[in-house]
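# Descriptive structure summary
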Amino acid sequence: MTLSLSILLISFMGLILAGLPIAWAMMASVLIWIGVTGNWYFLPIASERVYQGMDSFVLMAVPLFILAGEMVNAGKITDRLVNFANAIFGWMRGGLAQVNVGASILFSGITGVALGDIASLGRVFIPAMIRQGYTPAYAAAVTASSSIIGPMVPPSLIAVIYGSMADVSIGALMAATLIPGLLIGVIQMGLIAVQARYYNFPRVEMDRSPRAIGVATGHALVPLMIPVIILTGMLGGIMTPTEAGGVAAAYALVISIVLYRSIRLSALADVFSRSALFSGQLLIIVGCGAAFSWAMGMENVPQLVGATVESWGLGYLGTMLVFNLILLVLGMVIDPTTVIILFGPLLSLAATRAGIDPLHFGTVAILNLNVGLLTPPLGVCLFAAEKIAGCGLWPLLRSTAPFLLVTLCMLVVVAAFPEISLWLPGILGF
Amino acid sequence: MNSMARIIIDLVDKGLRAIAALCLVILTVLVVFQVISRYGWGSVPLMTEETARYAMIWMALLAAAVGVRDAAHIRIDFVPTLLEAVAPKARRILEVLLDVISLTVFLTLIWFGVDTMMFAAGQTSDGMQIPLSYPYSILPISFFFASVFALLRIVAGDVRP
Amino acid sequence: QEIKVGLSLPQNATGFDFVNGMYETFKSEVEANSDMTVDLVYAGALGAPNERLNQMRRGVIQMSDAADGNYATIHRDIQILNMPYLFPTEQTAWAVFDGPFGQALAEDVREKTGIRVLGWWESGGFKHFSANKAIGTPGDMAGLKMRVLGPLATIPVEALGASAAPIAFGELYTSLKTGVVDGQDNSVSVFNLVKLHEVQSNLTLTGHTYAFGPLGINDRFFGGLDEAKQKVIMDAADKAIAFNRAKSREMEAGAIELAKQNGVTITELDGDAKAAFRDIMQPAAIGWLKDNVDTPSLIDEAIAAAKAAE
Ligand code: NA
Ligand code: NA
């Protein structure tokens, strides 16, 4: 590694650790790198890259998916989904905990951001579970652990970002993450079932007549159409991912205004404003990240990484293992979206050179990085759930550990067997 | 800071938010229009995609400027949080230092944003055939406001609740 | 001195030796005959082609494999050479590029953009239409949704009665697979690169647009070199372009064979059939070019130069 490259990487890591926003840390380290190498005439490129990095049609799916998710949240349709989840999953022992996971699978289909899941579902489930006698730490652990299913079940924002950064088809990626996402749901539900026997968790008391279930389903059907629209639109060849995002946002807008009359016009302005601000925070990282990865390109880093990986001669499983460890460590300290923007293209390229299917690698990377949301020191989903439950971080970590363990097992299975992720996209013809 | 200045700053802040939101409205409408027009009359006007792209970039950069005022940008606040517990004063010093670094980044981006804009003046866009300096002008504009907000945080401790 | 070159494709991208191999030839020639080094940065690590073109103009990098469409954003007259059916054969195109017309254009590019064009390389040869049905006549295009980019490709396609949609290259395969669009136009090498044989049953060798690239180098950098080094670079460029053209011809033949093996029906067009496409596409393109280039008189000059070279 050259001295100038070391300076670029060290100043970047130092600045983000000190707490500088990631976007500005990338830009500042590029400026430091330019200063140290004395190539002052590189400066205009640094600013140009910010704009050019965002200048992409595919990337437009990001604000549109965010808008669709925000619209759904503002439309107060959470209750309908919880009722529906109750109807299908509530009969099991440990009913409410099971419903918590089930709602994440359903609801995740709409927002696709793990944190959004905790903010809206956590507020419903954590108090309810505590009232039924679960410990606050367990309620928070189930909520946090199940929230990471969200980004795995389409539509997911992280798949949009991965696809546009690493040049992988977004539709194919969403198809690839679906089964691994459901498997995580199943294994977490299995764990709860075992715990429920052992600790004697209560069932959910509710009207389970066909009529009541029918009503709950009917109420949930309209919002559940959103993932259906996105998936059939994309996989059925009606729309590109960007267009699917736009149509989903428009659909959410129409049902919120017309059907539920739950959004007032002023609230609507707020939804657009919030979505714009949140999108801006992600897109500016993409822009500044373009400057950063350009600097890495000038230092010929991709070539270096590819050659290094090749020289290790690890083979398929070895490469998969090494990359998973790298991703796991990155995911523990940086949020998944940022890791993907920063390292997605680089790792994807190196993985492809090692003979790993880019679609399979993308699936594993998304799953892996989401696991990082459940680990210290930067498990944002843990923190968010703790904030609602007020149970203290240490008890929460202890309650989360079994969930983390089964999820990691599933990660190993998914990584070792490409068929799990590649089967569905294959069937769908990608 | 006197109240007049505060009113102006708040007005600017509100305006930027509104324009960013408006860009998102335009973006959404254009993308939906693109689907409709492809199925409705088979063809998509050349400028649709391009205008939508520009709307997204404008939205993102304006939102990024507003994010400076909100202190909303994604960061790893592990060290600052740790400092808050053991040495609150050191944390405040660190935060000011970080704002100064941000400000330096923004000022550089204004300066070279203008340079980028001038350089792009000779290029025309594929769709609308307008000089590329128009869409590029958002670079210095956004980072100008970002600088103002960063400066306010440094000199007046201005952080929105 | 170091010459940094930004390239689009990864190293060893199969079927694209005519680009990467050209720069690799250039590198080995320059490094064998001088103390200059050539640093090839592959896989778009320095940004998209247009962006690398900018970096090259600014002298941040010295060369890049930006091609015709990218240069069109900074030198509008260059688009004239993308006019449908301007050149009957690749050899005619080479003669025009290497002759006085090409030399005058190169000089104009240098003056207006600060990029010295060392020569003109072939970017895979002619572009052809593909779809899931045979395209034998212009009438067969009616109602097809074609993925093409930019007005100069869009307007002639619309004149044929097809509709046009700009789809990002990364979504091209999926869009064809799922039917967002029905067809596309690219060189056969690009057709194979993204496995379009899996989603397109027919490839018609319409040969409507010649795809090329200026082998550019930052003019200030070039001007700062002593004469001996300038000569090394020019000689290396000649060798690189000779390699490119031979390779491109060889690879297109191989690529057509490969597409056939993959089950694609190849349709060749005779002179009359091509003329039928030309008579619709060319006037439509000329109409647009007249309003959108800086030197409309070059349109007739280009046509005359191509006639003379035949
Ligand atoms: Na989801
Ligand atoms: Na949950």
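Everything here concerns the structure above.
Keep in mind that this is a model prediction, so the values were computed, not measured.

### Things to note about the sheet that holds strand S3 (residues 63-64) of chain C
All names here are of chain C. Ordered in space as S2-S1-S3, the three strands form an open sheet in which the pairing is parallel. Bordering the open sheet on either side are strand S2 (37-41) and S3, each of which pairs with just one other strand. Alignment of strand S1 (residues 2-6) against S2, held across five bridges, turns out to be parallel. Bridge pairing in S2 links Glu2 to Thr37.

### Overview of the interface of chain C and chain B
Counting residues at the interface gives 16 residues for chain C, matched by 14 residues for chain B. Summed over both sides, the interface of chain C with chain B buries roughly 1400 Å², with 49% coming from carbon and sulfur. Three residues stand out in chain C for area buried against chain B, namely Arg58, Thr73 and Pro166 of chain C, and they jointly supply 32% of the buried area on that side. Applying the counting rule to chain C against chain B returns one salt bridge. For Arg58 of chain C, the salt bridge goes to Asp115 of chain B, with nearest N and O atoms at 2.8 Å. The tally of links from chain C across to chain B stands at two residue pairs in polar contact (both at pLDDT 80 or more). Contributing elements (two or more residues each) for the side of chain C that touches chain B: helix H2 (49-57), helix H6 (151-159), strand S6 (163-165) and helix H11 (271-292) of chain C. Of the residues assigned to the side of chain C that touches chain B, the class counts are six nonpolar, five polar and five charged.

### Thoughts on the coordination of the sodium ion (ligand 2)
Residue and element names in this part refer to chain A. Coordination of the sodium ion (ligand 2) by the protein involves Asn100 (O), Asn100 (OD1), Ser104 (OG) and Ser146 (OG), with metal-donor separations of 2.2 to 2.8 Å. Between the donor residues of the sodium ion (ligand 2), the gaps in sequence give the motif N-x3-S-x41-S. With Asn100 and Ser104 both in helix H6 (residues 95-108) and four residues apart, the pair spans about one turn of that helix. Residue Asn100 is classed as buried on the basis of its relative accessible area of 1%.

### So, unusual backbone geometry
Phi is mostly negative for residues that are not glycine, and the peptide bonds are mostly trans. All names here are of chain A. Backbone geometry places Asn200, a non-glycine residue, at a positive phi of 60°. With respect to the helices and strands, Asn200 occurs in the loop between helix H10 (170-199) and helix H11 (210-235). When its relative accessible area of 56% is taken as the criterion, Asn200 is described as exposed. One non-glycine residue, Asn300, lies in positive phi territory at about 60°.

### Observations regarding the nonpolar core
Counting 243 residues, the largest nonpolar core has Trp24 and Ile284 of chain A, Phe143 of chain B together with Phe87 of chain C as its most contacted members. Looking at this core element by element, the count peaks at 17 residues for helix H13 (residues 265-298) of chain A. Not counting chain neighbours up to four residues away, the residues in contact with Phe143 of chain B comprise Trp24 and Ile284 of chain A together with Leu61, Phe106, Leu109 and Ile110 of chain B. One finds Phe26, Leu40, Phe222 and Met251 of chain C within the second-largest nonpolar core, a separate group that totals 33 residues.

### Section: the sheet that holds S6 of chain C
Residue and element names in this part refer to chain C. Pairing within the open sheet is mixed, and its six strands lie in the order S6-S5-S7-S4-S8-S9. Whereas interior strands pair on both sides, the edge strands pair on one side only; in this sheet they are S6 and strand S9 (265-268). Sheet twist, expressed as the average angle between the axes of neighbouring strands with direction ignored, equals 40°. Sheet topology places strand S5 (residues 145-147) next to S6; three bridges connect them, and they run parallel. Residue pairing across strands places Met146 opposite Ala164, the latter belonging to S6.

### Side note on the pairing of strand S4 (residues 115-131) of chain C
Residue and element names in this part refer to chain C. With 15 of its 17 residues buried, S4 lies for the most part within the structure. The sheet contact formed by S4 and strand S7 (residues 183-186) spans three bridges and is antiparallel. Residue pairing across strands places Phe129 opposite Asp185, the latter belonging to S7.

Rules and cut-offs
Residues numbered from 1 in each chain as written. Chains lettered and ligands numbered in written order. Predicted model: local features only at pLDDT ≥ 70, side-chain atom pairs only at ≥ 80, totals over all residues. Heavy atoms only, no water. Pairing = 2+ DSSP bridges. Helix = DSSP H or I, 4+ residues; strand = E, 2+ residues; numbered from the N terminus. Contact = heavy atoms within 4.5 Å. Buried area = accessible area lost by both parts, 1.4 Å probe. Salt bridge = Lys/Arg side-chain N within 4 Å of Asp/Glu carboxyl O. Polar contact = N/O pair within 3.5 Å; in protein donor to acceptor, adjacent residues only side chain to side chain. Nonpolar A, V, L, I, M, F, W, Y, C, P; charged D, E, K, R; others polar. Donors = N, O, S within 2.8 Å, 3.2 Å for Na, K, Ca; no water. Buried < 20%, exposed > 50% of the residue type's maximum accessible area, 1.4 Å probe, protein only. Core = buried A, V, L, I, M, F, W, Y, C linked by side-chain atoms within 4.5 Å. Axes fitted to C-alpha atoms, helices over the stretch in contact; angles between N-to-C directions.

Take it as geometry only, folks, not as evidence of what the structure does.
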